[in-house]
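Each chain, written out:
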Amino acid sequence: MKTKTIAVVGLGYVGLPLALIADEKGYDVIGIDTNTEKINLLLEHKNPFTDRHVSQLLPGSKATFSADCSLVEQAETIIVCVPTPIDHKQMPNLKPLTDACKCIAPYLKPGHLVVIESTINPGVCEEIVVPTLEENTNLKVGTDLYLAHCPERINPGDPKWHVGNIPRVVGASDPIALEKAFEFYTAIVEAPIKKMGSIKEAEAVKVVENSFRDINIAFANELAMSFSKLGIDVKNVIDGAATKPFAFMAHYPSRGVGGHCIPVDPYYLIEYAKKNGFHHDFLSRARRINSQMPEFTIQQLVKALNGRKIAMNGTNIAVLGISYKPDIDDYRESPSFHLINHLKELGANVSTYDPYVPKHSTASSFEDAVKNAKAVVVATPHKEFKDLCAQRLADASVEIVVDGMNALNKESFTSRGLDYVGVGR
Ligand code: SAJ
């Protein structure tokens, strides 16, 4: 029997689009989140963040929203979409996931399908989720309860790919759970759903795809550091290599790797493999390269300041862009914070401005941020900054611009007498 009621636990960048697409496909949807402020916004059909797809679906949604976990007992399928961050020592933090499992456990009944969408390393479902559910219910996974893992693939801010059209993989604890999960995702996603051979394989797919991205970015970052010594423009070289129609996938250097996926997921695999006797030297090295890019970027700025006999200490520096990537309001693990902290450690007076992140902006506008600044670091090139007119900086007596994602027009600055500092160009 096709499940008609689903509950989505965790209404962030992953859970809310999922709840709304299921609602659109005809399911009765109960959205659950512990953040009552978010629930109140959703009850008024207000979008708690800038996701365009959510803004399209929310007004017509019939989903109900609540902070009450007990409502899961009204659903046949419960999907858990809570964060799986790392702590300050880059160790996986599964507390949000285990807390969510404990929250729903008292209300689980025989026949319930629980799907974990959160990004987790192989082994988490069988070694953490199963015991947590079984210890907090008198139910057994695989006989009373069905468990599946369908790793999320949301790409925040992507104008093309969204929860309704991104292919997915699914793995489960047993054939019945696999079939149930496969049926659900096939009903709501207009793209292929691939059944994996085990729940571990499904867990591995996500950490592998994001580690793939991290190591490729690290390759671009190492090239940037090398080519900055060789006087070669790394962006032009990567663009050149990208003309090869096969066996090359362009990734680009930048001021660092942020977000809740790419700089986080590799650590889940690294730590789990370490516990099982294998050291991921390559993944670890890629993480080290990417983690040093904020410092490398600031080193290039110091060189440019020295070239103008300007001391960093006491100099006004503006940092534009706090989000971890352009045109979104998510600033988790953003390299901008590392840039800002490093500049302050070197004695600079730092002003910050991001129209998407007023909470971490010291200035109220672009002009307010750059006035009296000797240098401007465009850490995250929101469209507002990409259209940045070099003349506005020249008029504001700015002498150096740092292009944290190699997104600006170099000549438009150099032709006005400003020093342009790219990342490897
Ligand atoms: N970055 C680089 N160089 C690149 C690409 C990204 O330095 O060539 C930096 C960005 O500035 C950002 C960080 O890496 O700080 C992450 O960027 P991202 O484009 O990977 O954005 P995310 O974190 O939103 O990644 C998501 C991921 N999606 C899921 O995990 C479901 C990732 O798997 C996707 O590959 C990625 O979107 C995407 O392709 O855009």
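Scroll up to find the structure.
Residues numbered from 1 in each chain as written. Predicted model: local features only at pLDDT ≥ 70, side-chain atom pairs only at ≥ 80, totals over all residues. Heavy atoms only, no water.

1. Topic: unusual backbone geometry
No. 1: The phi angle at Ala247 is positive, at roughly 60 degrees, despite the residue not being glycine.
No. 2: In this structure, Ala247 sits in the loop between α8 (234–241) and α9 (265–275).
No. 3: The backbone of Glu333 shows a phi angle near 55 degrees, a positive value even though the residue is not glycine.
No. 4: Checked against the element boundaries, Glu333 lands in the loop between β9 (316–320) and α12 (335–345). (Helix = DSSP H or I, 4+ residues; strand = E, 2+ residues; numbered from the N terminus.)

2. Quick word on the nonpolar core
No. 1: Membership of the largest hydrophobic core comes to 50 residues, with the highest contact counts inside it found for Leu97, Ile104, Ile116 and Leu147.
No. 2: Those residues in contact with Ile104 that sit more than four places away from it in its chain are Val9, Cys69, Val72, Ile78, Val80 and Val114.
No. 3: The next biggest cluster of nonpolar side chains, apart from the first, holds 41 residues, and it includes Tyr13, Leu16, Ile79 and Tyr146. (Core = buried A, V, L, I, M, F, W, Y, C linked by side-chain atoms within 4.5 Å. Buried < 20%, exposed > 50% of the residue type's maximum accessible area, 1.4 Å probe, protein only. Contact = heavy atoms within 4.5 Å.)

3. Observations regarding helix α11 (residues 293–307)
No. 1: With 15 residues, α11 should cover 21 Å at 1.5 Å per step; its first-to-last C-alpha distance of 21 Å lies within 8% of that length.
No. 2: For α11, the set of buried residues is Met293, Pro294, Phe296, Thr297, Ile298, Gln300, Leu301, Ala304 and Leu305.
No. 3: Immediately downstream of α11, the backbone of Lys309 shows phi near 50 degrees, a positive value. (Expected span 1.5 Å × (residues − 1).)

4. Re the pairing of β9
Consecutive residues of a regular strand have side chains that alternate between opposite faces of the sheet.
No. 1: The element β9 is largely enclosed, with a buried count of 4 among its 5 residues.
No. 2: Read as a crossover between parallel neighbours, the route from β9 over α12 to strand β10 (residues 349–353) is right-handed.
No. 3: Taken together, the 4 bridges between β9 and strand β11 (residues 375–378) define a ladder with parallel strand orientation. If you follow Val319 over to β11, its bridge partner there is Val377. (Right-handed = clockwise from strand over helix to strand, strands pointing away. Pairing = 2+ DSSP bridges.)

5. Digging into the packing of aromatic side chains
No. 1: Scanning all chains against the criterion turns up 6 aromatic pairs.
No. 2: Each ring, one from Phe413 and one from Tyr420, has its centre 6.5 Å from the other, and the planes form 35 degrees; the classification is tilted.
No. 3: In textbook terms, an aromatic cluster arises when at least three aromatic residues are bridged by ring pairs, as seen for Tyr27, Phe184 and Tyr185.
No. 4: Stacked on the ring of Tyr27, the Lys or Arg Lys4 has its end atom at 5.4 Å from the ring centre.
No. 5: Taking the ring centre of Phe182 as reference, the NZ or CZ of Lys195 above it sits at 4.5 Å. (Phe/Tyr/Trp six-rings, centres within 6.5 Å; stacked < 30°, edge-to-face > 60°. Lys NZ or Arg CZ within 6 Å of the ring centre and 35° of its normal.)

6. Some points on the sheet that holds β9
No. 1: In space, the 5 strands of this open sheet follow the order β10-β9-β11-β12-β13, with parallel pairing throughout. Of all the strands in the sheet, the pair left with one neighbour each is β10 and β13 (419–421). When strand polarity is set aside, the average angle formed by the axes of neighbouring strands in this sheet is 20 degrees.
No. 2: Looking at chain direction, strand β12 (residues 400–403) and β13 are connected through 3 bridges and run parallel. Bridge assignment links Val401 to a residue of β13, and that residue is Tyr420.
No. 3: The strands touched by α11 within the sheet are β9, β11, β12 and β13, with β12 carrying the most contacts at an inclination of about 160 degrees.
No. 4: Here α12 sits on the sheet and contacts β9, β10 and β11; the angle it forms with β10, its principal contact strand, is near 160 degrees. (Axes fitted to C-alpha atoms, helices over the stretch in contact; angles between N-to-C directions.)

7. Looking at the site of the ligand
No. 1: Around the ligand, a shell composed of 21 residues is seen, among which Asn155, Asn210, Arg213, Tyr252 and Tyr324 lie nearest.
No. 2: Asn210 places a side-chain nitrogen or oxygen 2.5 Å from an oxygen atom of the ligand.
No. 3: Measuring from an oxygen atom of the ligand, one finds a side-chain N or O atom of Arg255 at 2.8 Å.
No. 4: Burial of the ligand by the protein amounts to 86% of the accessible area it has alone, namely 730 Å².
No. 5: A per-class count over the shell around the ligand returns 9 nonpolar, 6 polar and 6 charged. (Near = heavy atom within 4 Å. Polar contact = N/O pair within 3.5 Å; in protein donor to acceptor, adjacent residues only side chain to side chain. Areas by Shrake-Rupley, 256 points an atom, 1.4 Å probe, with all protein chains shown as cover. Nonpolar A, V, L, I, M, F, W, Y, C, P; charged D, E, K, R; others polar.)

8. Some words on the sheet that holds strand β4 (residues 77–80)
No. 1: Taking strand neighbours across the sheet as the criterion, the 8 strands line up as β3-β2-β1-β4-β5-β6-β7-β8 in an open arrangement whose pairing is mixed. Single-partner strands in this sheet number two, and they are β3 (64–66) and β8 (193–195). In this sheet, neighbouring strand axes are inclined to one another by 25 degrees on average, regardless of whether the strands run parallel or antiparallel.
No. 2: The sheet contact formed by β4 and strand β5 (residues 113–116) spans 4 bridges and is parallel. Following the sheet pairing, Ile78 is matched in β5 by Val114.

9. Concerning the state of the cysteines
No. 1: Applying the stated criterion across every chain, the model contains 1 disulfide.
No. 2: Cys69 shares a disulfide with Cys103; S-S distance 1.9 Å. One quick way to see it: the torsion about the S-S bond of Cys69 and Cys103 is about 115 degrees, and its sign makes the bridge right-handed. One end of the pair, Cys69, is in the loop between β3 and β4; the other, Cys103, is in helix α4 (residues 95–104), and 34 residues separate them in sequence.
No. 3: Classification of Cys69 as buried rests on a relative accessible area of 7%.
No. 4: Judged by its relative accessible area of 28%, Cys103 falls in the partly exposed class.
No. 5: The thiol of Cys150 is unpaired, and the distance to the nearest cysteine sulfur, on Cys81, comes to 9.3 Å. (Disulfide = S-S within 2.5 Å.)

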